[in-house]
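# Observations on the three-dimensional arrangement
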Amino acid sequence: KNDPIRGKTPVHLVFVTSLKMTKYSSVAYTAFLLGALSGNGDAFAGLRPATLARPATVRTPLPTFRRSNILRSTTEEAPASADNQNVAQTEDTSRDKVMTFSYDMSLEEKYEKPTYPGTGNGMSGDAGDYDIIVIGSGMGGLTCGALSAKYGSKVLVLESHIKVGGSAHTFSRMHNGGKYSFEVGPSIFEGLDRPSLNPLRMIFDILEETMPVETYKGLGYWTPSGYWRFPIGDKNGFEDLLMEQAEDGPLAIKEWNALRDRLKTLGGSTTAVALLNLRQDAGFLATTAGSLPFVLTHPDVFLDLPLTFDDLSKTTDEIVTVPFLRNFIDSMCIFCGFPAKGAMTAHILYILERFFEESAAFSVPIGGTSQLGETLQRGLEKFGGKLQMNAHVEEILVGDGRAVGVRLKNGNVVRAKKAVVSNATPFDTVKMMPAKEGERKQLTKWRDEMGTLPRHGAISHLFLGIDAKDLDLSHIQDPAQLVVQDWNKSMQDSQNLCSFFIPSLLDKSVCPEGKHCIHVYSSGGEPYEPWEKLKPGTEEYEAYKKERVEVLFRAVERCIPDVRERLEFSIIGSPLAHEAFLRRDRGTYGMAWAAGSSAPQAGLLGNFLPFPFPNMKTPVDGLLRCGDSCFPGIGTPSAAASGAIAANTMTHVDNHLQMLEEASKKDPLYKFLDPGFLGQVYKPLVQGSTPSAELRVDRFQKGSGEVPV
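These lines cover the structure that appears in this document, whether it is placed above or below. Just so it is clear, the model here is predicted, and its values are computed rather than measured.

Here the focus is the overall build of the protein. Per the secondary structure count, the protein includes 23 helices and 19 strands. In the protein, which comprises 709 residues, the share counted as buried stands at 65%. Taking the intrachain contacts of the protein between residues at least 6 apart in sequence as the baseline, contacts between residues at least 24 apart amount to 78%. In the structure as shown, the protein presents an accessible area of about 24,500 Å², 50% of it carried by carbon and sulfur atoms.

Here you go:
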């Protein structure tokens, strides 16, 4: 546990979407059990996604990422051999290469960050006293706040921006008297139209909040060989696609079914235990006890335990040889940042199981992606929680080794009785924790390791308002379209892979009648260094923006050849703007840790299984984290699930069990959430340890025997 950081594997970067809805299994239960028996209480360390197409050749070992080779920021003079490697690696993005970006957050930044109107000045926020303070109103922060409020805590969520939702917020532009609305992040959602295994939908139902959506049944692909469409919810339709597009159709079908058979037990475990059952203390033995029958009737799940957390490519390389099928698998997994080479096998389980059920469908939130955050906000406020916007947290306050509150940018201090939860990225979290003289070495080590974690690159955006008069889009059936320039190049390459989304095909409220709004975005592989030297508004900056998004324009022209002639207006969002509007250091898509090795600060469980996530808990008592850098990873549903796990961890196990019982009655699909009799058997054994000692305050001081909320 005290060893230097072990082999870190660079991973593929991708565009902002949210197909990551993995529901994790009795395998997770077993992993938690290992953690508990080891005396850790660190219940988990993530299951990540993956995949990227490449020829069916002998698998090349992943390059290791050692601490001594961490790339330096351009804010420090680095040796010539290492200088600017973040940029250099993007100049040759062949299929077999992977990229990761790294910076040292302890260094002073050389270039001043630009400010943008419409992002707020962060000077709001009142002083006060709360049980729990949540920093950030992304999916993780809002979920944590809303469920904590439902559990009975006095909660304050602080948002630096003037809009709620984190990466899932929406902005509007007025043009010729008409209003156009654009999402700035995720655009692809599955399972929001009805009760499903998507944890975000489960949370909506638990909070008894609804969000209207329209649905569609496919994902368009524009590739070097032309256009084709993946039909979700149609197993026969997918096999027809393989027969039509694959180099060897019958073999592709055979290999696809073989892959599903190989992972059948793990896939079946997705209805044995949910992410919402999880918590990071001994109480998980009660809340996940309902999965025991599945474990007992499927003993082979134990043999597959290492596979669940391991590199997906180890399995696909053994089974899948047809290039088209490999490309498809990679394109599905890369939504969460990883190709098969570096992805957790667990990511594909949801896709293998859910995406081929007849009821499966993608969803467009009516009114824009911001509806995700606004729905969670309603749940937060319904149970007495409070959200303060434009309230930037300057510092997390620590006293006697415990997080006791935060200091806002305006100087006000807000006190936290039980806990502070950071929904910011690890890179932004360490900014709020400046080094103090005499601090514990464990905290210093944590800050150093979290601040130098490998990450995905930045993202470029193109927002288009177009005239739809006489525009025939009958050749596409879906708002979401994926564009790959060259299968032989990395999907991480921001000049090779992009996606565009036309929500106005289904949601007429986002733009005037007779118009369309289109959001185009690159993969998360845009290097930050060329941008940080530029000043917005200068000729050099404007010219570079146009140069870098030209590939995004050309991508849309594959579908709408005369799109430039139809323009009402266009807006280019650079990585600098992405950083400012989404509050993510250097515009990063997220933390980048590949499967196959444990991330630093993964906890004791990282010594048993290769968990690629830092612990949700920190060396500071009462300071927790949630969001896409925590288990279970990148993607809107996963980020929300991390917030639920944090909320569960901070409450008495009886509250958690009551919530699960209540949720199980909301729909027959949710019945498995309730651990039932087995949960009650374990409860007396663990309730004295819930929440864990550092989170017990007031009514939880004594632990055992305390009456829950």
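On we go from here.
As a packed pair, helix 13 (residues 323-333) and helix 14 (residues 346-354) sit with axes 10 Å apart at the nearest point and diverge in direction by 105°. Judged by the angle between their axes, helix 13 and helix 14 are roughly perpendicular. Facing helix 13, whose interface residues are Ile329, Met332 and Cys333, helix 14 presents His347, Ile348 and Ile351. Counted by class, the contact of helix 13 with helix 14 contains five nonpolar, one polar and no charged residues.

With that out of the way, let us pick up unusual backbone geometry. Of note, the bond from phenylalanine 631 into proline 632 is cis; its omega dihedral lies within 30 degrees of zero at 5°. Inspection of the secondary structure assignment puts proline 632 in the loop between strand 19 (623-625) and helix 21 (636-649). A cis geometry characterises the amide bond from threonine 690 onward to proline 691, with omega recorded as -15°. Secondary-structure assignment places proline 691 in the segment after helix 23 (676-686). With phi around 55°, arginine 583 is a residue other than glycine that occupies positive phi space. Position of arginine 583 among the secondary structure elements: in the loop between helix 20 (575-582) and strand 19.

Our next topic: a negative patch on the surface. Together, Asp234, Asp240, Glu244 and Glu358 make up a region of like negative charge exposed at the surface. Tracing the sequence through the fold places aspartate 240 in helix 5 (residues 235-245). The class of aspartate 240 is exposed, set by a relative accessible area of 52%.

Running from N to C, helix 4 (residues 199-206) and helix 21 cross one another at 50°; their axes reach a closest spacing of 7 Å. As the angle between them shows, helix 4 and helix 21 are arranged oblique. Together, Pro199, Leu200 and Ile203 of helix 4 and Thr636, Pro637, Ala640, Ala641 and Ala644 of helix 21 make up the contact between the two elements.

Our focus in this paragraph is the pairing of strand 13 (residues 413-422). Among the ten residues of strand 13, seven are classified as buried, and the element is accordingly described as predominantly covered. Sheet topology note: the strand 1 (residues 128-135)/strand 13 ladder contains seven bridges and is parallel. In the sheet register, valine 134 faces strand 13, and the bridge partner there is valine 421. As paired elements, strand 12 (residues 402-408) and strand 13 share three bridges and run antiparallel to each other. Across the sheet, residue arginine 407 finds its bridge partner in strand 13, namely valine 413.

Most of helix 14 sits out of view: eight of its nine residues are buried. Where helix 14 is buried, its residues touch strand 5 (189-190), helix 6 (249-262), helix 7 (264-268), helix 11 (305-309) and helix 13.

So, on to the pairing of strand 9 (residues 362-365). Residue alternation in strand 9 divides its side chains into two sets, Phe362 and Val364 and Ser363 and Pro365, and both sets are buried. Direction of pairing for strand 6 (residues 213-216) relative to strand 9: antiparallel, over a ladder of four bridges. Across the sheet, threonine 215 pairs through a bridge with serine 363, a residue of strand 9.

Reading the values: rules and limits
Residues numbered from 1 in each chain as written. Predicted model: local features only at pLDDT ≥ 70, side-chain atom pairs only at ≥ 80, totals over all residues. Heavy atoms only, no water. Helix = DSSP H or I, 4+ residues; strand = E, 2+ residues; numbered from the N terminus. Buried < 20%, exposed > 50% of the residue type's maximum accessible area, 1.4 Å probe, protein only. Contact = heavy atoms within 4.5 Å. Areas by Shrake-Rupley, 256 points an atom, 1.4 Å probe, with all protein chains shown as cover. Axes fitted to C-alpha atoms, helices over the stretch in contact; angles between N-to-C directions. Parallel < 35°, antiparallel > 145°, perpendicular 65-115°, else oblique. Nonpolar A, V, L, I, M, F, W, Y, C, P; charged D, E, K, R; others polar. Patch = residues over 30% accessible without salt bridge, like charges linked within 9 Å, V, L, I, M, F, W, Y side chains within 5 Å. Salt bridge = Lys/Arg side-chain N within 4 Å of Asp/Glu carboxyl O. Lys, Arg positive; Asp, Glu negative; His and termini not counted. Charge placed at Lys NZ, Arg CZ, Asp CG, Glu CD. Pairing = 2+ DSSP bridges.

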